[in-house]
Amino acid sequence: MSTRTRRLVSVGATGLVGQGVLGACLAATDVERIVLRGRQRADIADDARVMQWQVADLRDINGSEPMLADLDAWLYCAGVVPGLSEAVYR
């Protein structure tokens, strides 16, 4: 069993899938940091491991290099933006 800590970004933590993924991350003892990137702030209790990164456009990562340093994985849990066609989403 690995004792390595994990540093993650979770995109879309306010949705149905994202809430479940976030709950699993918060319950995991090997998760050191979770950056929540989304259009809305997640309604969660204070946790020193969590940093919320609210953006208007999920595609825009300009100026975000410090938040993305030393991360192990991105967990993409965001669904389709309402009104967006499947072709544009893909």
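Shown above is the structure to which this text applies.
Since the model is a prediction, treat every value here as computed from it, not as a measurement.

### Some thoughts on the packing of aromatic side chains
- For the structure on display, the rule yields 0 aromatic pairs.
- Its end group placed over the ring of Trp 53, Arg 37 keeps NZ or CZ at 4.2 Å from the ring centre.

### Considerations on the environment of Trp 53
- Along the chain, the position of Trp 53 falls in strand 3 (residues 50-54).
- On the basis of relative accessibility, which here comes to 8%, the residue Trp 53 falls in the buried class.
- Placed 12 residues apart in sequence, Trp 53 and Arg 41 show a C-alpha to C-alpha distance of 7.8 Å.

### Some points on the pattern of salt bridges
- Applying the stated criterion across every chain, the model contains 2 salt bridges.
- When the shortest N-O distance is used, the salt bridge between Arg 7 and Asp 72 registers 3.7 Å. Residue Arg 7 is found in strand 1 (residues 6-11), and its partner Asp 72 is found in the loop between helix 2 (65-68) and strand 4 (73-76); the two are separated by 65 residues along the sequence.
- A salt bridge links Arg 49 to Asp 47; the shortest N-O distance between them is 2.9 Å.

What counts, and at which threshold
- Residues numbered from 1 in each chain as written.
- Predicted model: local features only at pLDDT ≥ 70, side-chain atom pairs only at ≥ 80, totals over all residues.
- Heavy atoms only, no water.
- Phe/Tyr/Trp six-rings, centres within 6.5 Å; stacked < 30°, edge-to-face > 60°.
- Lys NZ or Arg CZ within 6 Å of the ring centre and 35° of its normal.
- Helix = DSSP H or I, 4+ residues; strand = E, 2+ residues; numbered from the N terminus.
- Buried < 20%, exposed > 50% of the residue type's maximum accessible area, 1.4 Å probe, protein only.
- Salt bridge = Lys/Arg side-chain N within 4 Å of Asp/Glu carboxyl O.

In short, the description is geometric, and any link to function would need to be established separately.
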